[in-house]
Every structure is written in structure tokens, then in C-alpha cells.
Amino acid sequence: QVQLVESGGGLVQSGDSLRLSCAASGGTLSNIAMAWFRQTTGQEREGIAHIRWSGGYPAYIDSMKGRFTISRDHANNTVYLQMNNLKPEDTGVYYCAARRSHQYRPLVGPYDYWGPGTQVTVSS
């Protein structure tokens, strides 16, 4: 089993930046795929960014390209989501997710492990 815990959320103003962290533990992390999802008010959960534990194949949904960046730190078993130029519509709960399957393209198909989420609130 893989346990994921997010941190780094908070209250910021429009235009500010945040870096979310996802600490992974348990199981074998090699070759695992990691992703960030979010659930905003009135919206279903959506995938934001994806990366393999190796650091390969970073991927983003089109609306996030240029603002959000996913990266990983092997030494700390941590995946990050750097969020720049935040907007009020970015407000929501951000989740870290993982899977061992490589049968799907990034952000397509199910993820097996989830963190409890961290709240991001962006004021105008």
C-alpha cells in the first residue's frame, strides 16, 4: 500500500503562488505514476498534472500549461505542484494520487491511491 499526504495549501490572493507537496510512503515507489487532481466548487474532480516517479513524461491538461508545474524529489519521496498566478477559480481541494499501472495515458483511467487533500483558497 502507498500512503499519500498533501500539504502546502492555504489562503492566498489572486496572482500569488503556492507550492503543494505530496509525501509518499509505504510500498515500492519505483516506477509509480503520480498525479495531482483538484475538486473545485460545483465541479467534478479533475486531473491537473501527472509525472512518473522517475520524473519522466510530465503531462498537464491544456488549461494548466504555463501556470502549474509538477516535479518530484526522490530523496524526500515527495511530489510537488508549483502553482503560479493563482486565480479565484483555482479554489478547491487538491489531491495527490498514484498508481502502478502504465496501461493508460496520463490523467486517463483510474488511480489507486489518494491523499486526503489540501485546501487552496484564492481571494480576488
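Everything below is about the structure printed above this text.
Note that the coordinates shown come from a computational prediction; the quantities given were computed from them, not determined experimentally.

Rules behind the numbers
- Residues numbered from 1 in each chain as written.
- Predicted model: local features only at pLDDT ≥ 70, side-chain atom pairs only at ≥ 80, totals over all residues.
- Heavy atoms only, no water.
- Core = buried A, V, L, I, M, F, W, Y, C linked by side-chain atoms within 4.5 Å.
- Buried < 20%, exposed > 50% of the residue type's maximum accessible area, 1.4 Å probe, protein only.
- Helix = DSSP H or I, 4+ residues; strand = E, 2+ residues; numbered from the N terminus.
- Contact = heavy atoms within 4.5 Å.
- Pairing = 2+ DSSP bridges.
- Axes fitted to C-alpha atoms, helices over the stretch in contact; angles between N-to-C directions.
- Disulfide = S-S within 2.5 Å.

Draft legend 1. Up close: the nonpolar core. The biggest cluster of nonpolar side chains holds 28 residues, and the ones touching the most others in it are Leu4, Met34, Trp36, Leu81 and Met83. Where this core is concerned, the elements lending two or more residues are β3 (18–25), β4 (33–40), β5 (46–52), β7 (68–73), β8 (78–83), β9 (92–99) and β11 (118–123). Considering every element that reaches this core, the biggest residue donor is β3, with 4 residues. For methionine 83, the contacting residues outside a window of four places in its chain are Asp16, Ser17, Leu18, Leu20, Arg67, Phe68, Tyr94 and Val120. Membership of the second largest hydrophobic core comes to 6 residues, among which are Ala35, Ala97, Leu107 and Tyr111.

Draft legend 2. View of the sheet that holds β3. In spatial order, the strands read β1-β3-β8-β7; together these 4 strands make up an open sheet with antiparallel pairing. With one partner strand each, in any of the chains shown, β1 (3–7) and β7 form the two edges of the open sheet. Shown here is a sheet whose adjacent strand axes are inclined to one another by a mean of 20 degrees, direction ignored. Here 6 bridges tie β7 to β8, and the two strands are oriented antiparallel to one another. Directly across from arginine 72, in β8, lies its bridge partner valine 79.

Draft legend 3. Region of interest: the pairing of β5. The buried count for β5 comes to 5 of 7 residues, which makes it a mostly enclosed element. The sheet contact formed by β4 and β5 spans 6 bridges and is antiparallel. In the strand pairing of β5, alanine 35 is matched with histidine 50. In this antiparallel pair of consecutive strands, β4 and β5, the connection spans 5 residues, and glycine 42 shows a positive phi of 75 degrees. The antiparallel hairpin formed by β5 and strand β6 (residues 59–60) contains 6 residues in its connecting segment, where glycine 55 sits at a positive phi of about 95 degrees.

Draft legend 4. Broad picture of the pairing of β3. Relative to β3, β1 runs antiparallel, the two sharing 5 bridges. Residue pairing across strands places leucine 4 opposite alanine 24, the latter belonging to β3.

Draft legend 5. Quick look at the state of the cysteines. Considering all chains together, one arrives at 1 disulfide under this definition. Each disulfide pairs two cysteine sulfurs, and for cysteine 22 the partner residue is cysteine 96, the sulfurs being separated by 2.0 Å. Where cysteine 22 bonds to cysteine 96 through sulfur, the torsion about that S-S bond is close to -80 degrees, and the disulfide is left-handed. Of this pair, cysteine 22 sits in strand β3 while cysteine 96 is found in strand β9, placing the two residues 74 residues apart along the sequence. Owing to a relative accessible area of 0%, cysteine 22 belongs among the buried residues under this scheme. Classification of cysteine 96 by relative accessible area gives buried; the value is 0%.

Draft legend 6. Focus on the environment of isoleucine 61. For isoleucine 61, the position within the fold is in the loop between β6 and β7. Judged by its relative accessible area of 21%, isoleucine 61 falls in the partly exposed class. Between the alpha carbons of isoleucine 61 and glycine 92 there is a distance of 17 Å; along the sequence they are 31 residues apart. Not counting the four nearest positions on each side in its chain, isoleucine 61 is found in contact with Glu46, Gly47, Ile48 and Leu107.

As far as function goes, none of this settles anything; it's purely spatial.
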